[in-house]
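An overview of the molecular structure
For reference, the chains in residue letters:
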Amino acid sequence: MGLAIELKNLSHKYSIGTPFEINAVDSVSLKINQGEFVGVIGHTGSGKSTLIQMINGLIKPSEGAVFIDGVNIYDKAVSLRDIRFKVGLVFQYSEHQLFEETVYKDIAFGPKNMGLNDNEVDKKVRYAAKIMGIDDEMLKRSPFDLSGGQMRRVALAGVIAMEPQILILDEPAAGLDPKGRRKVLELIKDYHENSGKTVLLVSHSMEDVVDYATKVLVMNKGRVFCYDDTDKVFSKAQQLQEIGLDIPQISRFALALKKYDVDLGNNIYTVKKAVQGVLNLTTNKEKL
Ligand SMILES: Nc1ncnc2c1ncn2[C@@H]1O[C@H](COP(=O)(O)OP(=O)(O)OP(=O)(O)O)[C@@H](O)[C@H]1O
Ligand SMILES: [Mg+2]
């Protein structure tokens, strides 16, 4: 598997030279393989949004470098415009950026900007609409007549329509009701599975990413707290709790049971894994 993203010693300071100077991202180095689904989690203010905006060329690092497909994107010879087509970023509350008269036109905005002709744009719009569960009838409607969840899906489709090699989503499920959240997250998971593209999903909530992510990056105070396979990150559930992160409910349950000498195992973060842990306990007992 090739390397999609490499960050080398990446830092960003805001308000340099003022009393408000802050190291929002501090010496971050990591590699992300092509086709990976990385869940990026951390507290509010831990530097998640700053980090991902440096990856698509929106925020210039104070120090360090970002390589996309081996190319240093802040090199003078590189067009940041091209990088932004390659690395699609869906902002937090992305529906606020909808502005066209119809859903179709909104999704078409990105591909048009890429200089594609009407026929190619049409193909891209229909491709992205299908992925995000937007039917022909909805394409004709005004984006402002839609529900919050539907608007969010339109905004996501607008970025997917540019067919970026890397898709980065900043809190794509924030502010939606539970049904809307699940739907958006499931659609993103399906997109990842079907397209094989690299996906980074930023969230406060570990519960959002555990079912989907192949890797998890935990940010804490601008630094990498840990970055590893999802399984391995959750074997540290207790440390994650210690830095004040909300671990999944089922992980809390497994930790609580340990106090009663019931050990379901170290990496319980889905109900499926908890069930397996219980089954292992009972089969071990039978052997005794
Ligand atoms: N434009 C800005 N000017 C000054 N400081 C900023 C700016 N944007 C962010 N910060 C500060 O940088 C730090 C990191 O912010 P960032 O938005 O990257 O965190 P985050 O992890 O995305 O948080 P959240 O979960 O709330 O979205 C915070 O302390 C924040 O207050
Ligand atoms: Mg943020």
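Right above here is the structure, for reference.
The residue numbering used here restarts from 1 in each chain and proceeds along that chain's sequence as written. Chain labels run from A onward and ligand labels from 1 onward, assigned in the order the entries are written. Owing to the predicted nature of the model, reporting of local features is limited to residues with pLDDT of at least 70; listing and counting of side-chain atom pairs is limited to 80 or more, with chain, interface and lining totals taken over all residues. Values shown for side chains rest on all heavy atoms present in the structure; no hydrogens or waters enter the calculation.

1. Quick look at the pattern of salt bridges
For clarity, the cut-off: A pair is scored as a salt bridge if a Lys or Arg side-chain nitrogen falls within 4 Å of a carboxyl oxygen belonging to Asp or Glu. Exposure categories follow from relative accessible area, calculated using a 1.4 Å probe and restricted to protein chains: below 20% of the type maximum is buried, above 50% is exposed, and the middle band is partly exposed.
Within this structure, the stated rule accounts for 13 salt bridges. A salt bridge links aspartate 229 to lysine 232, with the shortest nitrogen-to-oxygen separation between them at 3.6 Å. A relative accessible area of 31% places aspartate 229 in the partly exposed class. We classify lysine 232 as partly exposed; its relative accessible area is 46%. Sharing partners across several salt bridges, the network here consists of Asp122, Arg126 and Asp136.

2. A closer look at the side chain of serine 203
We apply this condition: For helices the rule is a DSSP run of H or I covering at least 4 residues; for strands it is a run of E covering at least 2, with both sets numbered from the N terminus onward. Any pair of nitrogen or oxygen atoms within 3.5 Å is treated as a polar contact; in protein, a donor-acceptor pairing is required on top of that, and neighbouring residues in sequence qualify only through side-chain atoms on both sides. Should any heavy atoms of two residues lie within 4.5 Å, those residues are counted as being in contact.
In this structure, serine 203 sits in strand β8 (residues 198–203). For serine 203, a relative accessible area of 1% puts it in the buried group. At 2.9 Å, the side chain of serine 203 and the backbone nitrogen of serine 205 are in polar contact. A polar side-chain atom of serine 203 sits 3.1 Å from a polar atom in the side chain of aspartate 208. Aside from chain neighbours lying at most four places away, what touches serine 203 is Val40, Ile41, Gly42, Lys48, Glu171, Asp208 and Val209.

3. A word on the side chain of threonine 50
Relative to the helices and strands, threonine 50 resides in helix α1 (residues 48–55). The exposure class of threonine 50 is buried, given its relative accessible area of 7%. Setting aside its immediate chain neighbours within four residues, threonine 50 contacts His12, Tyr14, Ala24, Val25 and Ile59.

4. Thoughts on the layout of surface pockets
This is how the line gets drawn: Think of a 1 Å grid over the protein atoms and nothing else: a 1.4 Å probe that fits but is trapped marks a cavity, an open set flanked by protein within 12 Å on at least five of seven lines marks a pocket, and residues with an atom within 4 Å of a point count as lining. Grid points are joined across faces, edges and corners, and a volume is the space filled by probe spheres set on the points. Residue polarity follows a fixed list, in which Ala, Val, Leu, Ile, Met, Phe, Trp, Tyr, Cys and Pro are nonpolar, Asp, Glu, Lys and Arg are charged, and the others, Gly among them, are polar.
Roughly 560 Å³ of volume is contained in the largest pocket. As for the largest pocket, its lining consists of 23 residues, of which Leu89, Gln97, Phe109, Val159 and Met162 are closest to the centre. Only α2 (80–86), β6 (87–90), α3 (103–113) and α6 (148–160) provide two or more residues apiece to the lining of the largest pocket. The class makeup of the residues in the lining of the largest pocket is 13 nonpolar, seven polar and three charged.

5. Side note on the site of ligand 1
The condition that has to hold: Here a residue is near a molecule or strand as soon as one of its heavy atoms is found within 4 Å of it. All accessible-area figures derive from a Shrake-Rupley calculation using a 1.4 Å probe, and residue coverage is judged against the displayed protein chains alone.
Taken together, 14 residues surround ligand 1, and among them Thr44, Gly45, Lys48, Ser49 and Thr50 come closest. Residue threonine 44 places a side-chain N or O atom 2.5 Å away from an oxygen atom belonging to ligand 1. With the chains in place, 63% of the 640 Å² that ligand 1 exposes on its own is no longer accessible. When contributions to the shell around ligand 1 are tallied by element, the ones reaching two or more residues are β2 (22–33) and α1. With three residues, α1 is the largest single contributor of residues to the shell around ligand 1. Its residues assigned to classes, the shell around ligand 1 shows three nonpolar, ten polar and one charged.

6. Points about the sheet that holds strand β5 (residues 71–72)
Remark on secondary structure: sheet strands pair via backbone hydrogen bonds, oriented parallel or antiparallel. Test applied: A pair of strands is treated as paired once DSSP finds two or more bridges between them. Orientation is described by axes fitted as lines to C-alpha atoms, over the contacting stretch for helices, and by angles from 0 to 180 degrees between their N-to-C directions.
Reading across from one edge, β2-β1-β4-β5 is the order of the four strands in this open sheet, with antiparallel pairing throughout. The two strands at the open ends of the sheet, each matched to only one other strand, are β2 and β5. Relative to strand β4 (residues 63–68), strand β1 (residues 3–14) runs antiparallel, the two sharing five bridges. Bridging across to β4, glutamate 6 finds its partner in phenylalanine 67. Contacting β1, β2 and β4, α1 crosses the sheet at an angle of about 125 degrees to β1.

7. Brief notes about the sheet that holds strand β3 (residues 37–42)
Taken in spatial order, the six strands make up an open sheet running β6-β7-β8-β3-β9-β10, and their pairing is mixed. The outermost strands of the open sheet, each flanked by one partner alone, are β6 and β10 (223–229). Averaged over all neighbouring strand pairs, the angle between strand axes comes to 15 degrees, with direction disregarded.

8. Describing α6
Put simply, the rule is: Multiply 1.5 Å by the residue count of a helix minus one, and that product is the helix's expected span.
Here α6 is 13 residues long and its end C-alpha atoms lie 19 Å apart, about the 18 Å a rise of 1.5 Å per residue gives. Here α6 lies mainly inside the structure; twelve of its 13 residues are buried. Taken together, the buried positions of α6 are Gly149, Gln150, Met151, Arg152, Arg153, Val154, Ala155, Leu156, Ala157, Gly158, Val159 and Ile160. Buried residues in α6 make contact with β6, α3, α4 (118–131), α5 (136–140), β7 (166–170) and α7 (178–195).

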